[in-house]
Amino acid sequence: MGLFSRLFGTKKEQPKQEVEPIEYKEYLIYQEAQSEGGQYRIAGRITKQFGEETKTHRFIRSDVLPSETDANEFMLKKAQMFIDQMGDNIFQ
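Labelled according to an unreviewed UniProt entry, the protein chain appears under the name Transcriptional regulator, originating from Vibrio aquaticus.

What follows is the structure, given as structure tokens:
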């Protein structure tokens, strides 16, 4: 253990929770807001199965909101709108 770790302790990472996806028009939307400075950044991923292959599109927006729930709800709305506008082109 290093000197600074002994003096100040180590920051233990929280175990990452498994996110339950929301299905929308054959896509799976994962709401994964990121904690940042007491607020939450809108982030997540969209996946779709193409035969044996799963394609993924990740995104992080510049928006931050005061609660994780709000950030995840906003992400879901943005992801649904993105799917409606782009369809399978989001994976290109």
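(A) How the structure looks around the overall build of the protein chain. Within the protein chain, the secondary structure is distributed over 2 helices and 5 strands. Scanning the protein chain from its N terminus toward the C terminus, one meets helices and strands in the order α-β-β-β-β-β-α. Within the protein chain, buried positions represent 27% of all 92 residues. For the protein chain, the exposed surface amounts to about 7,000 Å²; the carbon and sulfur share of it is 48%.

(B) Main features of the side chain of lysine 48. Looking at where lysine 48 falls in the secondary structure, it is placed in strand β4 (residues 39–50). Accessibility expressed as a relative area gives 12% for lysine 48, which makes it buried. Here aspartate 88 takes part through its side chain, which lies 3.0 Å from a polar atom of the side chain of lysine 48. With sequence-adjacent residues up to four places away left out, lysine 48 is seen in contact with Glu26, Tyr27, Glu53, Thr54, Lys55, Asp88 and Phe91.

(C) Examining the pairing of β4 more closely. Sheet analysis places strand β2 (residues 27–31) next to β4, joined by 4 bridges and oriented antiparallel. Among the inter-strand pairings, glutamine 31 is bridged to a residue of β4, identified as glycine 44. Taken together, strand β3 (residues 34–36) and the strand that follows it, β4, pair antiparallel across an intervening segment of 2 residues, in which glycine 37 is found at a positive phi of about 60 degrees. Sheet analysis places β4 next to strand β5 (residues 53–65), joined by 10 bridges and oriented antiparallel. When the sheet's bridge partners are listed, lysine 48 is paired in β5 with lysine 55.

Calculation rules
Residues numbered from 1 in each chain as written. Predicted model: local features only at pLDDT ≥ 70, side-chain atom pairs only at ≥ 80, totals over all residues. Heavy atoms only, no water. Helix = DSSP H or I, 4+ residues; strand = E, 2+ residues; numbered from the N terminus. Buried < 20%, exposed > 50% of the residue type's maximum accessible area, 1.4 Å probe, protein only. Areas by Shrake-Rupley, 256 points an atom, 1.4 Å probe, with all protein chains shown as cover. Polar contact = N/O pair within 3.5 Å; in protein donor to acceptor, adjacent residues only side chain to side chain. Contact = heavy atoms within 4.5 Å. Pairing = 2+ DSSP bridges.

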